[in-house]
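Notes for the structure review
Residue strings, one per chain:
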Amino acid sequence: MVQWVYNFGAGAADGRAEMKNLLGGKGANLAEMASIGLPVPPGFTLTTEVCTRFYEDKCTYPTELKGQVAKALARVEERSGQKFGDATNPLLLSVRSGARASMPGMMDTVLNLGLNDWTVAALAKRSGDRRFAYDSYRRFVQMYSDVVLGIELSHFEKLLERAKQRRGVKQDHELVAEDLEKLVMDYKARVHVEIGMDFPEDPHEQLWGAVGAVFNSWMNQRAKTYRQLHDIPESWGTAVNVQAMVFGNMGSDCATGVAFTRNPSNGANDFYGEFLVNAQGEDVVAGIRTPQELTIKARKSHGSDLPSLEEVMPNIFRELCTMRQQLETHYKDMQDIEFTIQQNKLYMLQTRTGKRTAHAALQIAVDMANEGLISKSQALMRLKPELIDQLLHPTLDPKAKKQVIAKGLPASPGAAAGKVVFSADEAVRRAKDGEKVLLVRIETSPDDIHGLHAAEGVLTTRGGMTSHAAVVARGMGRPCVAGAGAVQVDYAAARLSVGSVTVQEGQILTIDGVTGEVILGEVPTVPPQLSGAFGIIMAWADEYRTLQVRANAETPNDARQAKEFGAQGIGLVRTEHMFFDGGRIIAMRNGAGGQGRRRAAEPGAAPRRGAARGESHVGPPGLPPGHHLPRDLRDAGAGHLRGCGRRGQGWRRRAGG
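Residues numbered from 1 in each chain as written. Predicted model: local features only at pLDDT ≥ 70, side-chain atom pairs only at ≥ 80, totals over all residues. Heavy atoms only, no water.

1. A few points about the overall build of the chain
So the rule is basically this: Helical segments are the DSSP runs of H or I of at least four residues, strand segments are the runs of E of at least two, and each set is numbered from the N terminus. Remark: exposure states derive from per-residue accessible area (1.4 Å probe, protein chains only) relative to the maximum for the residue type, with buried under 20%, exposed over 50%, and partly exposed in between. Between two residues, a contact is recorded if the distance between any of their heavy atoms is within 4.5 Å. To be clear on the numbers: accessible area is Shrake-Rupley with a 1.4 Å probe, and residue cover counts the displayed protein chains and nothing else.
A tally of helices and strands in the chain yields 25 helices and 30 strands. Taken across its 657 residues, the chain has 51% of its residues classed as buried. Taking the intrachain contacts of the chain between residues at least 6 apart in sequence as the baseline, contacts between residues at least 24 apart amount to 62%. Carbon and sulfur atoms provide 49% of the accessible area of the chain, an area that totals close to 29700 Å².

2. Quick notes on the sheet that holds strand S23 (residues 501-504)
Put simply, the test is: DSSP bridges decide pairing: two strands pair if at least two such bridges lie between them. Note on definitions: angles span 0 to 180 degrees between N-to-C directions of axes, and those axes are lines fitted to C-alpha atoms, for helices only across the stretch in contact.
Spatial strand order, S21-S22-S23: three strands in an open sheet with antiparallel pairing. Whereas interior strands pair on both sides, the edge strands pair on one side only; in this sheet they are strand S21 (488-490) and S23. Recorded for the sheet is a direction-independent mean angle of 20 degrees between the axes of neighbouring strands. Sheet analysis places S21 next to strand S22 (residues 495-498), joined by three bridges and oriented antiparallel. By the bridge assignment for S22, Gln488 is matched with Ser497.

3. Focus: helix H20 (residues 533-544)
How we decide: Here the expected span of a helix is defined as 1.5 Å times the quantity of residues minus one. Relevant arc is that of directions from the helix axis to the C-beta atoms, nothing else.
With twelve residues, H20 should cover 16 Å at 1.5 Å per step; its first-to-last C-alpha distance of 17 Å lies within 8% of that length. Along H20, the residues classified as buried are Ala533, Phe534, Ile537 and Trp540. One face of H20 carries all of its buried residues, which in axial projection span an arc of 125 degrees.

4. Focus on the confidence of the model for the chain
The condition that has to hold: Think of pLDDT as the predictor's per-residue confidence, scored from 0 to 100.
Residues with a pLDDT of 70 or more make up 86% of the chain, whose mean pLDDT is 87. Scored below 50 in pLDDT, residues 605-623 shows 52 contacts in the model against residues more than four places distant or in partner chains.

5. A short note on the packing of helix H6 (residues 153-167) against helix H7 (residues 177-195)
The condition that has to hold: Any angle between 65 and 115 degrees counts as roughly perpendicular, while under 35 counts as roughly parallel, over 145 as roughly antiparallel, and the rest as oblique. Handedness of a crossing is defined here by the sense of rotation of the near helix relative to the far one, left-handed for an anticlockwise turn of less than a right angle and right-handed for a clockwise turn.
Two numbers describe how H6 lies on H7: the axes approach to 10 Å, and their chain directions differ by 150 degrees. Put simply, H6 runs roughly antiparallel to H7. Here H6 and H7 pass one another in a crossing that is right-handed. In this structure, H6 uses His155, Phe156, Leu159, Leu160, Ala163, Arg166 and Arg167 to contact H7, whose residues at the interface are Asp179, Lys182, Leu183, Asp186, Tyr187, Arg190, Val191 and Glu194.

6. Quick look at the pairing of S23
Only one face of S23 is covered, namely the one carrying Val501 and Val503; the face carrying Thr502 and Gln504 has none of its residues buried. Alignment of S22 against S23, held across four bridges, turns out to be antiparallel. Bridge pairing links Ser497 to Thr502 in S23. A loop of two residues connects S22 with S23, the two strands running antiparallel in sequence, and Gly499 in this loop sits at a positive phi of about 60 degrees.

7. Looking at the UniProt feature "domain: Pyruvate phosphate dikinase AMP/ATP-binding" (unreviewed entry) in the chain
Put simply, the test is: UniProt positions are given in the numbering used here, feature names are shortened, and annotations may be inferred rather than shown by experiment.
Look at the UniProt record and you will see "domain: Pyruvate phosphate dikinase AMP/ATP-binding" (unreviewed entry) annotated at residues 21-57, 63-300 and 318-370. Secondary structure within residues 21-57 divides into 65% helix and 11% strand; the distance between the first and last C-alpha atoms comes to 20 Å.

8. Quick word on the pairing of strand S10 (residues 272-277)
The buried count for S10 comes to six of six residues, which makes it a mostly enclosed element. Alternating positions in S10 separate into two faces, Tyr272, Glu274 and Leu276 on one and Gly273, Phe275 and Val277 on the other, with burial throughout. Two elements, S10 and strand S11 (residues 292-293), share two bridges in a ladder whose sense is antiparallel. By the bridge assignment for S11, Glu274 is matched with Glu293.

9. Focus on the nonpolar core
The following threshold applies: What we call a nonpolar core is a set of buried Ala, Val, Leu, Ile, Met, Phe, Trp, Tyr and Cys residues that are connected through their side-chain atoms within 4.5 Å.
Counting residues in each nonpolar core, the largest one holds 110 residues, and the members touching the most others are Phe44, Leu46, Val95, Met103, Leu113 and Leu207. Contact partners of Leu207, with chain neighbours within four places excluded, come to Val69, Leu73, Phe84, Leu93, Val95, Leu113 and Val242. Formed by 26 residues, the second largest nonpolar core is a distinct cluster that contains Phe8, Val40, Val277 and Met348.

10. Examining the state of the cysteines
Disulfide: a covalent bond connecting the sulfur atoms of a pair of cysteines. Spelled out, the test is: Only a pair of cysteine sulfur atoms within 2.5 Å counts as a disulfide in this structure description.
Considering all chains together, one arrives at zero disulfides under this definition. Cys51 takes part in no disulfide bond, and the closest cysteine sulfur, belonging to Cys59, lies 9.4 Å away.

11. Some words on the pattern of salt bridges
Which entries qualify depends on this criterion: A pairing counts as a salt bridge when a side-chain nitrogen of Lys or Arg comes within 4 Å of a carboxyl oxygen of Asp or Glu.
Applying the stated rule across the entire model yields 34 salt bridges. Across the salt bridge formed by Asp333 and Arg382, the nearest N and O atoms sit 3.3 Å from each other. Of this pair, Asp333 sits in the loop between helix H13 (314-331) and strand S12 (335-342) while Arg382 sits in the loop between helix H15 (376-381) and helix H16 (387-391), and the two are 49 residues apart along the sequence. Relative accessible area serves as the criterion here: at 31%, Arg382 is assigned to the partly exposed category. The partner of Arg352 in a salt bridge is Asp336, and the shortest N-O contact between them spans 3.1 Å. Within this pair, whereas Arg352 is found in strand S13 (residues 345-353), its partner Asp336 is found in strand S12, the two being separated by 16 residues in sequence. Its relative accessible area of 19% is what places Arg352 among the buried residues.

12. What to know about the sheet that holds strand S3 (residues 43-46)
In space, the six strands of this open sheet follow the order S2-S1-S3-S8-S6-S7, with antiparallel pairing throughout. Across the chains shown, the open sheet's two edge strands, defined by having one partner strand only, are strand S2 (12-13) and strand S7 (109-113). With two bridges joining them, strand S1 (residues 5-9) and S2 adopt antiparallel strand pairing. Its bridge partner being in S2, Phe8 is matched across the sheet by Ala13.

13. Quick word on the side chain of Gln82
Assignment of secondary structure puts Gln82 in the loop between helix H3 (65-80) and strand S4 (83-84). Contacts of Gln82, omitting those with residues within four sequence positions, involve Glu77, Asn89, Pro90, Leu91 and Arg126.

14. Observations concerning the packing of aromatic side chains
The cut-off we apply is this: Two aromatic rings from Phe, Tyr or Trp, using only the six-membered ring of Trp, form a pair when their centres are within 6.5 Å; if the ring planes differ by under 30 degrees the pair is stacked, by over 60 it is edge-to-face, and anything between is tilted.
Within the structure shown, the criterion is met by 13 aromatic pairs. When the centroid spacing of 6.4 Å and the interplanar angle of 45 degrees are considered together, the rings of Tyr134 and Tyr137 count as tilted. In this pair, Tyr134 and Tyr137 are both assigned in helix H5 (residues 130-147), three residues apart and thus about one turn of the helix distant. Owing to a relative accessible area of 12%, Tyr134 belongs among the buried residues under this scheme. Ring centres 5.7 Å apart and planes at 90 degrees place the aromatic pair Phe140 and Phe199 in the edge-to-face group.

15. Re the packing of H3 against helix H8 (residues 203-217)
Applicable threshold: Each residue gets one label: Ala, Val, Leu, Ile, Met, Phe, Trp, Tyr, Cys and Pro are nonpolar, Asp, Glu, Lys and Arg are charged, and the others, such as Gly, are polar.
Where H3 contacts H8, the axes come no closer than 13 Å and their chain directions differ by 115 degrees. You can see that H3 and H8 cross each other, and the crossing is right-handed. Between H3 and H8, the residues in contact are Leu65, Lys66, Val69 and Leu73 and His204, Leu207 and Trp208, respectively. Counted by class, the contact of H3 with H8 contains five nonpolar, one polar and one charged residues.

16. What to know about the environment of Leu30
Relative to the assigned elements, Leu30 resides in helix H1 (residues 20-35). Residue class for Leu30 comes out buried when judged on its relative accessible area of 1%. Taking the C-alpha atoms as reference, Leu30 lies 8.8 Å from Gly15; in sequence the two are 15 residues apart. Apart from residues lying up to four places away in sequence, Leu30 is in contact with Phe8, Val40, Asn241, Gln243 and Leu349.

Here it is, written out as structure tokens:
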């Protein structure tokens, strides 16, 4: 019989890290973390093969699946000491996607599954916190209605806003238990209005509804767009991970967070991440509340007054640091982790290879090789060639005058300028017309993926360094400034304002993803400076490579840049391009006719072939000697060339042996 379901938890697992194709990245790593003794809540994974069969068989499941899920659920009950649907000690579940390639936020998740009018009372009694129980319940009804029942979130957001207005508060966490209990009733009434049916109370019906929704989300538009952008085959499918819930929103001794074992923006060997006390995971990545820093160093660096995890829960922080080291040593790469703290106990919910910028990728590869975690050849092979393109992007001219109107968090490095747009669809429309745009959002969601790809950069007014905008922008190589709280966005009027400054849609802003600055107008840029880790990686590449690289260059600037980038010489020169210089092109045009040929011999006229080539065989240090090159190309550092042949209106020279 085919095994469709794999268990993990309590220090054991059916799967392992190498089974990503079958268990997806999340499922394989949950199994691996459980196997190496990390505190992972128990659960099970429905394989990617179930997803494949699901679509092949017109959205139906293999006949054996239901029985295997029932057995796996019983094992989770045994390991957790709770029972699914029980009215005294209920087991609650999370249901999450997990493709073999990381697709952050592109597919669906359901948390707190198993709550109903009976289990919520048991949860309130067990936790001793009625507000927590009904906050979990209203979150579940809202999320399930959106993900599974297909009801627009805006209906629930309006009801939530009305509840806060009645109470006279601004933040969700300021609502009391009575407010939340009434909100759940209002949510359920809206469900009945929208679909003509009651919200499902049966936990098993809820479970299969959530599993189906996650499999269906593999084919939603944002997932399709992400796969196209990242060359992920549709045939891979996604796994589904069902796991016992742990709660970061049970009180002041609870928290949830996201962390990277190294800085994903610059590659520094610093513990990098954010957390929220008394919150659930989606609160951190969605930017609903401004998160707190993990470390004292990061808090001071970002000028935050909110205490860090290192200060709030020092023992938990030390435990998390130990796990950080354990994960890096085990996986031999920078990890992106999710964790929850429930009543001063730390749980690991996910680890995966962290997305990073090109600069960070270089620095991390060099540092890990120097630390002995990986070899030089491994460092080279994990760097994708397209990363180099990101390194060649210009940066803002530090000498340029600029009018800084706001400052946020430097979530993804680089500089971007463009016409302000306030929706992903408008970003795509303008980009197709050849305009450079800057996407401005209060906060981004996975549905904005196409706009993030079309824009030069992204600015958000909420969220932190691990928000959706930050993570996706870093993966795409887009500059991002997040959490610029001084910026007020008015979607209806298509404008933003900072104090007395107002910027309409279509006006130009510049963002600096290194400093977090938001600047009025377009700021001049300067070419990138390649040094440090880049130079080390290129030197290591020289030790292993067997090919030489020669450049295509016809002008002094091109030749100089080729030398700076490490070319061994110039392999192709087209002499007609030498005459495109402003002074030469006029003389060349004057020499086009018969009379012009007589003037060509006069001072300032177009140079003859021999004069244009030059006669020197000597090149500058660091490159092979030049051969019959124009003096300005020789001086710029042109390399060894030989052979001439007629090609169109110019000359082509080919690289020597």
